[in-house]
Amino acid sequence: MARRISSGRSPLAEYDASLLWSALILLTLGLVMVYSASIATAEASRFTGGSSAYFLTRHALFLAVSVVAAMLAFQVPMHLWQRLSRWLFLGGVVLLVLVLVPGLGREVNGARRWLSLPMISLQPSEFMKLFAVLYAADYTVRKSALMHSFKQGLLPILAMMLMVGWLLLREPDFGAFVVISAIAMAILFLGGMNARWFGGLLALLAIGFAGLVLSSPYRMQRIFGFMDPWADPLGKGYQLSHALIAFGRGEWFGVGLGASVEKLLYLPEAHTDFLLAVIGEELGFVGVALVIALFAWLVLRAFAIGRQSVSLERPYAALVAQGIAVWLGVQTLINMGVNLGVLPTKGLTLPLMSFGGTGILTNCAALAILLRIDWENRQLMRGVPA
């Protein structure tokens, strides 16, 4: 007979406290660093009214909304997420189409990635990352017996992902395309895709990425600019050269919180794509190492929760947990690689930390789903229905 948990047990014993605290530390540190990195930009911008706390106020509001959304997402059982996954994915595709419609999609710096709504702007590609995890996991579980068949197992989801990729490249949002492709490929591989088909897909993706780069002078400039930013430090190498200067100034312990020079309108996108560079300048190697360690722990715990789900014969939950791990891991790796000059410059934010409402919202929702998977696993191990 299953024995229920005694009322004296601490609520923290119901889920992974280390996962939750790691996420909360990253969110809190992100709030502090967004404020520090955005003060000069806020004061200089005509859209903020000269208020130095403009981005701090908005980011705090985003965090509050995201935490509430995460609490609601945690209440949804995994079987319901699986039932809704196809509809959510379809809704994400509709949003990607709408963002390309003139008058609905908002263009910033030559990219049409935001959907303008009253008082807020949404970035559909951020929603699609979460929806891709949920849908790819559901598809893989439903088609598990057909994963060795190209026509019945691989072709349908390949067609769906190609459609999503085409919409993302129309924005263009090459960074989101890379992340979503990594999510789908990883989930299909972990779900038992035929190794031969998987290798062929990887080769096709590599050829496709090379073709996209070679066919676009803009992407070619970014590739060669990242390889030698000092060749054109005032042009295509401007962002990276100033990011590297920021890391160099930070040394071991940083110049001190709020004392960054590069954020004083020298480093573009200091509170979004290049937040890590400001962390490196103000908090030094120690601060950057702490951020890396926290993200590494999140990814490791997500994979561990996925393995635990496998042992409990919960394939959908396992693939969702592992998909979230791949998503956060790949996006974090790309953002950090861009900041450090080891990857080409891409418009990808640092998860949980960079300024951006839709990104923070989807990251928090993903972690809430991960905590839900862990909570359901623990209930099953105790013999209590989840």
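Residues numbered from 1 in each chain as written. Predicted model: local features only at pLDDT ≥ 70, side-chain atom pairs only at ≥ 80, totals over all residues. Heavy atoms only, no water.

Participant: What is the right way to look at the environment of Lys346 in this model?
Facilitator: Its location among the elements puts Lys346 in the loop between α11 (315-340) and α12 (357-381). When the C-alpha positions of Lys346 and Ala176 are compared, they lie 9.3 Å apart, and in sequence the two are 170 residues distant. (Helix = DSSP H or I, 4+ residues; strand = E, 2+ residues; numbered from the N terminus.)

Participant: Help me understand the packing of aromatic side chains, please; the structure alone is not making it clear to me.
Facilitator: Each aromatic ring pair is characterised by the separation of its centres together with the angle its planes make. Taken as a whole and assessed by the stated rule, the structure comprises nine aromatic pairs. When the centroid spacing of 5.6 Å and the interplanar angle of 50 degrees are considered together, the rings of Phe62 and Phe355 count as tilted. One end of the pair, Phe62, is in helix α2 (residues 54-74); the other, Phe355, is in the loop between α11 and α12, with 293 residues separating them in the sequence. Of the aromatic side chains, those joined through ring pairs into one cluster are Tyr54, Phe55, Phe62 and Phe355. A cation over a ring is seen here: Arg372 above Phe74, with NZ or CZ 6.0 Å from the ring centre. (Phe/Tyr/Trp six-rings, centres within 6.5 Å; stacked < 30°, edge-to-face > 60°. Lys NZ or Arg CZ within 6 Å of the ring centre and 35° of its normal.)

Participant: Hey, could you run me through α11 in this one?
Facilitator: For an α-helix the count is 3.6 residues per turn, leaving residues at separations of three or four pointing the same way. Compared with an ideal rise of 1.5 Å per residue, which puts 26 residues at 38 Å, α11 spans 37 Å between its outermost C-alpha atoms and is within 8% of the ideal. Most of α11 is tucked away, with 21 of its 26 residues classed as buried. In the stretch just after α11, Gly341 is the one whose phi turns positive, near 80 degrees. (Expected span 1.5 Å × (residues − 1). Buried < 20%, exposed > 50% of the residue type's maximum accessible area, 1.4 Å probe, protein only.)

Participant: Is there a simple way to explain helix α3 (residues 78-98) in this structure?
Facilitator: With 21 residues, α3 should reach 30 Å at 1.5 Å per residue; the first-to-last C-alpha distance of 29 Å fits that figure. If you look at α3, its biggest bend is around 45 degrees, right at Leu84. The inward-facing, buried residues of α3 contact α2, α4 (124-142), α5 (150-170), α11 and α12. (Bend = angle between axes of the 7 residues up to and from the residue. Contact = heavy atoms within 4.5 Å.)

Participant: I'm lost on the confidence of the model for the protein chain in this one. Help?
Facilitator: Any segment with low pLDDT has predicted coordinates that should not be analysed in fine detail. The share of residues in the protein chain with pLDDT of 70 or more is 92%, and the mean pLDDT across the chain is 87. Note that residues 1-12 has pLDDT below 50 and, in this model, ten contacts with residues that lie over four places away or in other chains. (pLDDT = per-residue confidence, 0-100.)

Participant: Just to check I follow, could you spell out the environment of Val141 for this structure?
Facilitator: As for its placement among the helices and strands, Val141 is situated in helix α4. Classification of Val141 by relative accessible area gives partly exposed; the value is 22%. Residues Val141 and Gln82, spaced 59 residues apart in sequence, show a C-alpha to C-alpha distance of 9.9 Å. Residue contacts for Val141: discarding those within four places in its chain leaves Gln82, Pro315, Tyr316 and Leu319.

Participant: When you look at the nonpolar core in this model, what are you seeing that I'm missing?
Facilitator: Side chains of a nonpolar character, in soluble globular proteins, are inclined to be buried together. If you look at the biggest cluster of nonpolar residues, it comprises 99 residues, and the most contacted ones within it are Val291, Phe295, Val320, Met353 and Ile369. Those residues in contact with Ile369, other than ones at most four positions away along the chain, are Met78, Trp81, Leu130, Leu134, Val320 and Ile324. (Core = buried A, V, L, I, M, F, W, Y, C linked by side-chain atoms within 4.5 Å.)

Participant: Is there a simple way to think about the packing of helix α10 (residues 275-311) against α11 in this case?
Facilitator: Describing two packed helices takes the angle between their axes plus the distance from one axis to the other. Taken N-terminus to C-terminus, the directions of α10 and α11 make an angle of 160 degrees; their axes are 8 Å apart at the nearest point. One way to sum up the angle between α10 and α11 is to call them roughly antiparallel. Classified by chirality, the crossing of α11 by α10 is left-handed. (Axes fitted to C-alpha atoms, helices over the stretch in contact; angles between N-to-C directions. Parallel < 35°, antiparallel > 145°, perpendicular 65-115°, else oblique. Left-handed = near helix turned anticlockwise from the far one by under 90°.)

Participant: How do you make sense of the pairing of strand β2 (residues 111-117) when you look at a structure like this?
Facilitator: If a strand is regular, its side chains alternate between the two faces of the sheet. Note that strand β1 (residues 105-108) and β2 share four bridges and pair antiparallel. Its bridge partner being in β2, Val108 is matched across the sheet by Ala111. In the sheet, β2 pairs with strand β3 (residues 120-122) via three bridges, with the strands oriented antiparallel. Paired with Ser116 across the strands is Ser121, a residue of β3. (Pairing = 2+ DSSP bridges.)

Participant: Is there a simple way to think about the pattern of salt bridges in this case?
Facilitator: Any two side chains of opposite charge can pair, given that their charged atoms come close. One pass over the structure, following the stated rule, counts nine salt bridges. For Glu126, the salt bridge identified is with Lys129, shortest N-O distance 3.2 Å. Taken as a pair, Glu126 and Lys129 lie in helix α4 at a separation of three residues, close to a single helical turn. Its relative accessible area of 7% is what places Glu126 among the buried residues. Overall, Lys129 belongs to the buried group, its relative accessible area being 0%. With a closest N to O distance of 2.2 Å, Glu376 and Arg314 form a salt bridge. Residue Glu376 is found in helix α12, and its partner Arg314 is found in the loop between α10 and α11; the two are separated by 62 residues along the sequence. With respect to burial, Glu376 and Arg314 carry one shared label: buried. In this structure, a network of salt bridges that share partners links the residues Arg86, Asp138 and Arg142. (Salt bridge = Lys/Arg side-chain N within 4 Å of Asp/Glu carboxyl O.)

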